[in-house]
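One letter stands for each residue in the lines below.
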Amino acid sequence: MRTRKDTHRAAKPPPSKSTPVKPAPRNGEEPDLTTGSNAPRARDGGLQEAIGVQVRSLRKQQEMTVVELAGQAGLSAGMLSKIENGGICPSLNTLQALAHALNVPITAFFEKFEERRDASYVPAGAGVTIERRGSKAGHRYQLLGHSLGGDIAVEPYLVTLSEGAQPYGSFRHEGVEFIHLLEGRVRYRHGDRVIDMGPGDSLFFDAAAPHGPETLEELPLRLLSIIIYPRS
């Protein structure tokens, strides 16, 4: 009598739901330097693109159309559009003609290319200290860095409220603010809302509404505050 062999096969394991790991770049490939942020990737088009950006910016500042600037510089509108879009690198004669038409020095076209990319470093305990007085007594602010230029100002603070500090829920200023509580407990007001906050909690809000620590539940209180607003 012939016995029947077991033909049962082991079930295949379910596919993994873990996030796939990106393969390492091959030789000659540019590595992926993106992060989890939604910020657009920094542009690095070189001198040709930087000149185009400046030409367009200076033209718009003087409220000139492409046709108007091209005519005054002795160029075709199509040629000027290619320069502004970084499609071609203009000759020195062309730059000189554009500079004359815009009434700027020729060096103005190279400002963005030569713009320094810098960083602000503040060692532990070395931030500039600001003591709040009056109704905001006991609010100690340490500035942890400074803005490096541009149209947006950023002020990062380490805020400490010690024993004897007074609550104050009526701060108001332009821009937006992000706070992250490091130590203590507080009932924090924003507009008509009051939020109970403890260590690890964060709040991001429109700073034009009245805001601030309304009830100090547990001191000392330490929080990171980042204020962002447009430069005037």
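These numbers come from a predicted model, not from an experiment.

Engineer: Would you mind going over the layout of surface pockets in detail, with residue names and values included?
Structural biologist: Each pocket or cavity is described by its volume, and for the second largest pocket that value is around 230 Å³. Forming the boundary of the second largest pocket are 18 residues, of which Y141, F171, E177, H211 and I227 lie nearest the centre. At the level of secondary structure, the elements contributing two or more residues to the lining of the second largest pocket comprise β2 (139–143), β3 (152–161), β4 (176–190) and β7 (211–230). Residue contributions to the lining of the second largest pocket peak at six residues, all from β7.

Engineer: Could you give an account of the packing of helix α2 (residues 66–73) against helix α3 (residues 77–84), with specific residues and numbers?
Structural biologist: Where α2 meets α3, the axes come as close as 9 Å, and the angle between the chain directions of the two elements is 105°. Relative to α3, α2 is oriented roughly perpendicular. Every residue of α3 that contacts α2 at V66, V67, L69 and A70 is listed here: A77, L80, S81 and E84. For the contact of α2 with α3, the per-class residue count stands at six nonpolar, one polar and one charged.

Engineer: Can you explain the packing of aromatic side chains? Please cite residues and give values.
Structural biologist: Within this structure, the stated rule accounts for three aromatic pairs. A centroid spacing of 5.5 Å and a plane angle of 80° characterise the contact between Y141 and Y157, whose relative ring orientation is edge-to-face. Of this pair, Y141 sits in strand β2 while Y157 sits in strand β3; the two residues are 16 residues apart in sequence, bridging distant segments of the chain. Ring centres of Y168 and F171 lie 4.9 Å apart, and the angle between their planes is 70°; this geometry places the pair in the edge-to-face category. Since its relative accessible area comes to 23%, Y168 is described here as partly exposed.

Rules used throughout
Within each chain, residues carry numbers counting from 1 in the order of the written sequence. Only residues with pLDDT of at least 70 get local features here, since the model is predicted, and only at 80 or more are side-chain atom pairs given and counted; chain-wide, interface and lining totals rely on the full set of residues. Note that water and hydrogens are dropped before the side-chain values are worked out from all heavy atoms of the structure. Computed over the protein atoms alone on a 1 Å grid, cavities are sets of points where a 1.4 Å probe fits but cannot get out and pockets are open sets with protein on both sides within 12 Å along at least five of seven lines; a residue lines them when it has an atom within 4 Å of a point. Grid points are joined across faces, edges and corners, and a volume is the space filled by probe spheres set on the points. Helix and strand assignments come from DSSP, with helices taken as H or I runs of at least 4 residues and strands as E runs of at least 2, each series counted from the N terminus. Axis definition: a line fitted to C-alpha atoms, over the contacting stretch in the case of helices. Angles run 0 to 180 degrees between N-to-C directions. An angle below 35 degrees is read as roughly parallel, one above 145 as roughly antiparallel, one from 65 to 115 as roughly perpendicular, and any other as oblique. Whether two residues are in contact is decided by their heavy atoms, any of which lying within 4.5 Å being enough. Ten residue types, Ala, Val, Leu, Ile, Met, Phe, Trp, Tyr, Cys and Pro, are classed as nonpolar, four, Asp, Glu, Lys and Arg, as charged, and the remainder, Gly among them, as polar. For Phe, Tyr and Trp, rings pair up if their centres lie within 6.5 Å, where Trp contributes its six-membered ring, and each pair is then called stacked (planes under 30 degrees apart), edge-to-face (over 60) or tilted (otherwise). Residue exposure (1.4 Å probe, protein chains only): buried if accessible area is under 20% of the type maximum, exposed if over 50%, otherwise partly exposed.

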